[in-house]
Amino acid sequence: MMTRLLTTTAISGGVLLSLSTPMNAQTPLPPIEVRAPKAFELGQIKVGERRLGVPTKVAQPGAGAGGGGVGAPPPAWVPSEKTDNGPTPSQHTDAFGGYTITNRQMETFARPSLDSAVNIAPGVNSQISGNSRNEQNIYVRGFDRWQVPLTVDGVRVYLPVDNRLDFARFLTADIAEVQIAKGYVSVLDGPGGMGGQINLVTRRPTREIEAEWRTRFDFGRDGTFLGPMTYGFVGTKKDMYYAQLSGTFQNYDGWMLPASYRSTLAQGWGFRGQSHTQDYNINARVGVTPNATDEYSLSFSRQEGQKGAPLHTTDPISTQRFWRWPYWRVQNLYFLSKTQLGDSSYVKTRGYWSKFDNSLVSYDDPSFIKQSLPRSFNSAYADYALGAEAEVGTQIGDIDTLKALFFYRLDNHSEWQENFGQNFRGTRSGCVTSVPCYTQPVISSIEDTYSAAVENTFHPRQDIDIVAGFSYDWRHLRQAQGFAVPQGVIDYRPIDVQAPNYQGAAIWRYNDTDRVYFNGSSRTRYPTLFERFSTRFGGATSNPTLKPERATNFDLGWSSLFAPGSRVSIDVFYSLVDNLIQSVPAPQFGVNVTQSQNVGGGRFWGAEISADYFVREDFSLGGNVTLIRRRVNSPSIVNFQPTGVPDLKMFLYAGYRPIPQLTLTPSIEVAGARWTSITNGNWYYRTGAFCLTNFNADYTPGDNIKFSAGVRNAFDDYYVLADGYPSPGRTFYLASKVNF
C-alpha cells in the first residue's frame, strides 16, 4: 500500500507541475477581476478578528485574519488584498491559530458542501460516520462534532438530543467564508467550544443591484450523469439599508464506486446503493445602516434535505439496518445588531428562534418497502430553540479593551415513534404488515443554558496584545423523559451542571508583516441528552450524572511574509482531555448493554504548516501539511483507539494563468492511515493511506461570466475512511457562474 501511495503521489506531483509550470516567463498580464462575496461582518466570530484598541501601523484593516501582510513593502507582484486575484486563492490564518476558508477557495477547489470544504484547512478533516446513519463528521485537531460547535452567522446549530449533525447537508455556495477556530475559542462566542468552533458566515450585498447565478453538473467515472446543483442570489445595498434573497438546490442520484471495487452481497459494482441525496436552502435578509458604525439586521434561513443510507459492504445482510431520512429540516430566524456608544464603546445583540425537524424510517430488508418486523419504525423529532446574547465593549485609554457577554438559550426536544411488528406489550399479537402496531407517546426534554463571560485585551505596546478571558457556564435541566417497553414513559431526575472556563493569549507583531503568538484555554463540553438518557433501542442504560468533558489546549504559532509574494504560517499544538465520554460495556445492567461514562483522559498533539508563494502574476503555489497524534486512556474498552483522524494530511496546489481568461489549478490531497473499527466495536485496525489528484480549469470570457470544468480523484483510486464504507471514485463536473 505504501509503495502504491508513493507512486501515485509522485505521478500526481508530476502532473501537477507539468500542468502548471510555464516554460518561459510571460509578459505582464492585465489585472484580473475576481469577484468574491463580501462577508456579513455581524455574523463573524471573535477569533480571527483584529482587536487592538486603537489604530496603529500594525493594526491596519484586513490584517486581523492573517491575510497577507497589509502595510508590507510591495513585492514584485502579489495578489490584491482586496480582491484576492492571484492564480490561486490566498490562505488566511489568524493570530490565534485559526483558519478562514474563503468562498473563492471553495469554488476553485470544487467544494460544494461543508464536509468537503473543511479538508482545505490544515488541522481539519471530515469523514463518514461509518454506520447506518450516513453522516459526515468533522474533526478539528482531533475534536469532533460534539466538541466543536457549528454556528451560522454566530447562531448555534444544535440538536439537543444527540447533536449528530450531518455536515454534508450544509451547502457552501451562499457562504462567504468558513471561520475555523482551532483549540482557542473566545469565551465571547458562548459555551461549548471545547476543541474549536466552525462558523459559516453568509454573504452581504455591496452594490446597488447585485445578482449571481451558478449551475453545476456532476458526472461519474464513466460519464453517467449524477445530478445538478443550482444557486441564485439577488441583493441591493443603499446608503441606509440593504436586502437580499438567495437559494441553493441540489439533487443527486448518488455517486459511483471506483472501477477497482470488488462486489459483495451487500454492494454491487458501479453506483453506491442508497447514496442518493437532495438538499435545498433559502436565505433572506434585510438590514438597516443608519450611520457609518451602526447596523441592525433580520435574517431567515431554511434548509431541508433527504437522503439514503448505504449499507456496510461486507457485514451480513441479516445484521444491517435499512434506514432512510425522508426529511431533515433546519430553520433559523435571527436578529443581529451593533450600536456604537460614543467614541469608545459599543453594544452587540443577537436574538434567534431555531427549529429542527427530522424523520428516520427503518424497513425490514433491502427492498426498502416492507415494515413488519420489530426492527422497523417511523421515528420523528421536533425541536426548537430560543436564544439571546448581549455583548458590550469599551476602550479604556489607549492600552486596554474590556468586553463582556451574557448568553441564554432554551432547547426543547419532542419525539415519538410508530412501531411495527410488536405491540405495547412487546409481542406480535394484532400486528399487520406496513401498519403501525402501536405509537409511542410523545416524550419531551427541556433545558436552559447560560453563560457569563468577560474578556480583556491589554496593549502594553502598540505591537503586543495580551488577552485574558473567563466565563462561567451553567445548564438547568427542567425535564428529561425516555420510553421503554414495557415500562412506558420514564421521567428522569433532572440534574444541573455548571463549569468555569479560562483562556489567555499573547500576540507579538514584531514588524508590519510578521507575528508570533501563544495561547492556552481550558474549556468544557456538556454531554447531550443522548449520552445521558438514550436507551439506544434497548441496547443502553442511562447515566444522568455524566460529567462534562474538559480540554486544556495550548498553541504556539508564527506567521511571516518570508519572501516577496509569499507567506508561511507554522503552528504546534497540544491538548489534554479530561473526563472523556465514551460508550462502554455495562454488564451489571444486562447482556450487551452499554452506558456513556467518563472513562479517562487523552492527549492530542501535532503541528501545521501552511504556505503561499506567488512566483509571478501568472503562476503560484500553495498548500498545507498537518501532523497529528492522539492517545486516549480508556480502560473500560479493550484495545480502544481514537478513530477518524489521519496521522498525516496534505493539501497541495498550483495555479497557472497562460492567458488572462484561463486559469488551471491542479491539486493533490494526501492522507495517512487512520484508525477505524468493525461494526461491533470489538476490533480496531488502520485504514490505508491515499493520494487523490484533482484538477480545475476556469475560463472567463467576460467580466461577468465564468465557466469551469474539473475532475476529482482523477486516477479513480479506491480508498476507505471507515470500515465497510468506501469513498467515491473519479467524478467530473461542469459549472458556470454569471454575475450581474
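Thresholds, definitions, all that
- Residues numbered from 1 in each chain as written.
- Predicted model: local features only at pLDDT ≥ 70, side-chain atom pairs only at ≥ 80, totals over all residues.
- Heavy atoms only, no water.
- Helix = DSSP H or I, 4+ residues; strand = E, 2+ residues; numbered from the N terminus.
- Buried < 20%, exposed > 50% of the residue type's maximum accessible area, 1.4 Å probe, protein only.
- Contact = heavy atoms within 4.5 Å.
- Patch = residues over 30% accessible without salt bridge, like charges linked within 9 Å, V, L, I, M, F, W, Y side chains within 5 Å.
- Areas by Shrake-Rupley, 256 points an atom, 1.4 Å probe, with all protein chains shown as cover.
- Salt bridge = Lys/Arg side-chain N within 4 Å of Asp/Glu carboxyl O.
- Core = buried A, V, L, I, M, F, W, Y, C linked by side-chain atoms within 4.5 Å.
- Polar contact = N/O pair within 3.5 Å; in protein donor to acceptor, adjacent residues only side chain to side chain.
- Phe/Tyr/Trp six-rings, centres within 6.5 Å; stacked < 30°, edge-to-face > 60°.
- Lys NZ or Arg CZ within 6 Å of the ring centre and 35° of its normal.
- Disulfide = S-S within 2.5 Å.
- Pairing = 2+ DSSP bridges.
- pLDDT = per-residue confidence, 0-100.

**Details of the overall build of the protein**
Then step 1. Broken down by element type, the protein carries four helices and 37 strands.
Then step 2. Within the span of the protein, comprising 740 residues, buried residues form 58% of the whole.
Then step 3. Pairs at least 24 apart in sequence give 67% of the contacts found in the protein among residues at least 6 apart.

**Considering the environment of Ser376**
Then step 1. Along the chain, Ser376 turns up in the loop between β16 (345-363) and β17 (377-396).
Then step 2. Residue class for Ser376 comes out buried when judged on its relative accessible area of 0%.
Then step 3. For the pair formed by Ser376 and Tyr363, sequence separation is 13 residues and the distance between their alpha carbons is 4.9 Å.
Then step 4. Not counting the four nearest positions on each side in its chain, Ser376 is found in contact with Ser362, Tyr363, Asp364, Lys370, Gln371, Glu418, Asn419 and Phe420.

**Brief notes about a nonpolar patch on the surface**
Then step 1. A contiguous nonpolar surface patch, about 570 Å² in accessible area, is contributed by Val286, Leu298, Leu333, Phe335, Trp353, Tyr384 and Leu386.
Then step 2. Within the residue set of the nonpolar patch, elements represented by two or more residues are β15 (322-341) and β17.
Then step 3. With respect to the element layout, Tyr384 can be found in strand β17.

**Topic: the pattern of salt bridges**
Then step 1. Counted by the stated rule, this structure contains 39 salt bridges.
Then step 2. The partner of Glu669 in a salt bridge is Arg111, with the nearest N and O atoms 3.1 Å apart. Remark: Arg111 occurs in the loop between α2 (103-108) and α3 (114-117) and Glu669 occurs in strand β30 (residues 662-671); sequence separation between them is 558 residues. Comparing Glu669 with Arg111, the two get one shared label, buried.
Then step 3. Between Glu549 and Arg525 there is a salt bridge, and its shortest N-O distance comes to 2.9 Å. Placement of Glu549 in strand β25 (residues 549-560) and of Arg525 in strand β24 (residues 515-525) is noted, with a sequence separation of 24 residues between them.
Then step 4. Residue classification places Arg525 among the buried positions, given a relative accessible area of 4%.
Then step 5. When salt bridges with common partners are traced through the structure, they connect Glu107, Arg203, Glu210, Glu212, Arg214, Asp698, Lys706 and Lys737 into a single cluster.

**As for the nonpolar core**
Here is a general trend for soluble globular proteins: nonpolar side chains tend to be buried in one another's company.
Then step 1. Leu114, Leu150, Val178 and Leu200 are the most contacted members of the largest nonpolar core, which totals 62 residues.
Then step 2. Sorting elements by how many residues they give to this core places β15 first, with six residues.
Then step 3. Counting 11 residues, the second largest nonpolar core, distinct from the first, contains Ile45, Ala181, Tyr184 and Tyr517.

**Concerning the side chain of Ser345**
Then step 1. The residue Ser345 is located in strand β16 in this model.
Then step 2. At 2.8 Å, the side chain of Ser345 forms a polar contact with the side chain of Thr394.
Then step 3. Other than its neighbours up to four places away in sequence, Ser345 contacts Thr339, Gln340, Gly393 and Thr394.

**Some remarks on the packing of aromatic side chains**
Then step 1. As enumerated under the stated definition, the model contains 24 aromatic pairs in all.
Then step 2. A centroid spacing of 5.4 Å and a plane angle of 55° characterise the contact between Trp508 and Tyr510, whose relative ring orientation is tilted.
Then step 3. For Trp508, a relative accessible area of 41% puts it in the partly exposed group.
Then step 4. Linked through ring pairs, Tyr408, Tyr450, Tyr472 and Trp474 together constitute an aromatic cluster.
Then step 5. Across the ring face of Phe530, the terminal group of Arg164 is positioned such that the distance to the ring centre comes to 4.5 Å.
Then step 6. Taking NZ or CZ as reference, Lys338 lies 5.8 Å from the ring centre of Tyr346, over its face.

**Here we look at unusual backbone geometry**
Then step 1. The phi dihedral of Ala110 falls on the positive side, at around 55°, and the residue is not glycine.
Then step 2. For Ala110, the position within the fold is in the loop between α2 and α3.
Then step 3. For Asp153, which is not a glycine, the phi torsion comes out positive at approximately 55°.
Then step 4. The topology assignment puts Asp153 in the loop between β6 (150-152) and β7 (155-156).
Then step 5. Residue Asp153 is classed as buried on the basis of its relative accessible area, which comes to 0%.

**Notes on the environment of Gly469**
Then step 1. For Gly469, the position within the fold is in strand β21 (residues 464-484).
Then step 2. On the basis of relative accessibility, which here comes to 10%, the residue Gly469 falls in the buried class.
Then step 3. Once the C-alpha coordinates of Gly469 and Ser186 are considered, the two residues, 283 residues apart in sequence, prove to be 7.5 Å apart.
Then step 4. Apart from residues no more than four positions distant in its own chain, Gly469 is found in contact with Val187, Val454, Glu455, Asn501, Tyr502 and Gln503.

**Regarding the state of the cysteines**
Then step 1. For the structure shown, the criterion picks out one disulfide.
Then step 2. Here Cys431 is linked by a disulfide to Cys437, with a sulfur-sulfur distance of 2.0 Å. Torsion about the S-S bond of the Cys431 and Cys437 cystine: about -85°, corresponding to left-handed handedness.

**Some thoughts on the pairing of strand β14 (residues 295-308)**
Then step 1. Relative to β14, strand β13 (residues 277-288) runs antiparallel, the two being bridged by 12 bridges. Residue pairing across strands places Thr277 opposite Lys307, the latter belonging to β14.
Then step 2. As paired elements, β14 and β15 share 13 bridges and run antiparallel to each other. Across the sheet, the residue bridging to Lys307 is Trp325, located in β15.

**Notes on the pairing of strand β18 (residues 400-419)**
Then step 1. Here 20 bridges tie β17 to β18, and the two strands are oriented antiparallel to one another. Residue pairing across strands places Ala380 opposite Trp416, the latter belonging to β18.

**Observations regarding the confidence of the model for the protein**
Then step 1. The pLDDT averaged across the protein works out to 88; a share of 89% of its residues lies at or above 70.
Then step 2. The least confident element of the protein is helix α1 (residues 2-20), whose mean pLDDT is 46; the most confident is β30, at 98.
Then step 3. Across residues 15-33, where pLDDT falls below 50, the model places 36 contacts with residues more than four positions away in sequence or in other chains.
Then step 4. Predicted confidence is poor over residues 49-77, with pLDDT under 50, and the contacts of this stretch with residues over four places away or in other chains come to 78 contacts.

**Thoughts on the side chain of Lys737**
Then step 1. Summarising the element assignment, Lys737 is placed in strand β37 (residues 731-739).
Then step 2. Lys737 gets classed as buried once you look at its relative accessible area, which sits at 7%.
Then step 3. A polar contact of 3.1 Å, which involves the side chain of Lys737, links it to the side chain of Glu107.

**Looking at the environment of Thr524**
Then step 1. With respect to the secondary-structure elements, Thr524 resides in strand β24.
Then step 2. Separated by 23 residues in sequence, Thr524 and Lys547 have C-alpha atoms that sit 9.8 Å apart.

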